[in-house]
Amino acid sequence: MPGPPDLHETLMAAWRTSNRVTVDLIRHLPRELWDVAIPGVPRRTVRMIAAHIHNARCRWVETLGRQHGIMGPEALLGLGGASGGRVPPSRAYVWRNLSLDVGHVLSCFVAHEACHRGQIVMVARQRGHRLPRTALDAMWQWKLRA
């Protein structure tokens, strides 16, 4: 009988898959979509949403990881796995609205990016820009991304 799965490796694989889904969507965005304004928020564009995804990653890594020498989301999750399943608290993390167990940190990262991926797809459809089939399929064919 096999032993229990390595949950740390499972969580890391889930992050890598979600990351690839986000990267694939951004890579496949048609050039003409980048500067399309967001309905209801005309001063924000699709380009700005993509930048926000990147900047949010950077802020989380800086807030939670800088003190520990961490430079990327995957390394931050790895630090949590190596620290008994919790990202060690840092002096910079003053917001304290997120439980620092690896599952919650991962869920926060994935939910945030999924929200903005959906926003990009919705804006593209509302503005009459058809996304390439490869971009749309990449969002849901997670087994291929794993």
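For the structure itself, look to the data block above.
Residues numbered from 1 in each chain as written. Predicted model: local features only at pLDDT ≥ 70, side-chain atom pairs only at ≥ 80, totals over all residues. Heavy atoms only, no water.

Enquirer: Help me understand the side chain of S18, please; the structure alone is not making it clear to me.
Expert: Positionally, S18 belongs in helix 1 (residues 7-27). By relative accessible area, S18 is classed as buried at 0%. (Helix = DSSP H or I, 4+ residues; strand = E, 2+ residues; numbered from the N terminus. Buried < 20%, exposed > 50% of the residue type's maximum accessible area, 1.4 Å probe, protein only.)

Enquirer: Help me out: how do you make sense of the packing of aromatic side chains in this one?
Expert: Each aromatic ring pair is summarised here by two numbers: the centre-to-centre distance and the angle between the ring planes. Overall, the coordinates contain three aromatic pairs when judged by the stated rule. Considering the side-chain rings of W15 and F109, the 5.7 Å spacing of their centres and the 65° angle between planes classify their relative orientation as edge-to-face. Taken together, the residues W15 in helix 1 and F109 in helix 4 (residues 102-126) connect sequence positions 94 residues apart. Exposure class is identical for W15 and F109. Each is buried. When the centroid spacing of 6.4 Å and the interplanar angle of 55° are considered together, the rings of W60 and F109 count as tilted. Within this pair, whereas W60 is found in helix 2 (residues 46-65), its partner F109 is found in helix 4, the two being separated by 49 residues in sequence. W60 gets classed as buried once you look at its relative accessible area, which sits at 15%. Overall, the relative accessible area of 7% leaves F109 in the buried class. Chaining the aromatic ring pairs together yields one cluster made of W15, W60, Y93 and F109. (Phe/Tyr/Trp six-rings, centres within 6.5 Å; stacked < 30°, edge-to-face > 60°.)

Enquirer: Is there a simple way to think about the packing of helix 1 against helix 3 (residues 73-82) in this case?
Expert: Taken N-terminus to C-terminus, the directions of helix 1 and helix 3 make an angle of 170°; their axes are 10 Å apart at the nearest point. Between helix 1 and helix 3, the crossing angle belongs to the class labelled roughly antiparallel. Read as a crossing pair, helix 1 and helix 3 show a hand that is right-handed. Packed against helix 1, whose contacting residues are H8, M12, W15 and R16, the element helix 3 presents P73, E74, L77, G78 and G81 at the interface. (Axes fitted to C-alpha atoms, helices over the stretch in contact; angles between N-to-C directions. Parallel < 35°, antiparallel > 145°, perpendicular 65-115°, else oblique. Left-handed = near helix turned anticlockwise from the far one by under 90°. Contact = heavy atoms within 4.5 Å.)

Enquirer: For this particular structure, what's the right way to read the pairing of strand 2 (residues 41-45)?
Expert: One face of the sheet, then the other: side chains in a regular strand alternate in exactly this way. Summarising the sheet, strand 1 (residues 37-38) and strand 2 pair through two bridges and their orientation is antiparallel. Opposite I38, over in strand 2, you have V41 as the bridge partner. (Pairing = 2+ DSSP bridges.)

Enquirer: Sorry if this is basic, but what is going on with helix 2 here?
Expert: For an α-helix the count is 3.6 residues per turn, leaving residues at separations of three or four pointing the same way. Taking 1.5 Å per residue, 20 residues should reach 28 Å; helix 2 reaches 28 Å between its end C-alpha atoms and fits that length. If you check which residues of helix 2 are buried, you get V46, I49, A50, I53, A56, R57, W60, V61, L64 and G65. Along the long axis of helix 2, the arc covered by the buried residues comes to 125°, so they all point the same way. (Expected span 1.5 Å × (residues − 1). Arc of directions from axis to C-beta.)

Enquirer: Sorry if this is basic, but what is going on with helix 4 here?
Expert: Helix length check: helix 4 (25 residues) gives 36 Å between terminal C-alpha atoms against 36 Å at 1.5 Å per residue, within 8%. All of the buried residues along helix 4 are V102, V105, L106, F109, E113, H116, R117, I120, V121, V123 and A124. Once helix 4 finishes, G128 follows within two positions and takes phi at roughly 75°, a positive value.

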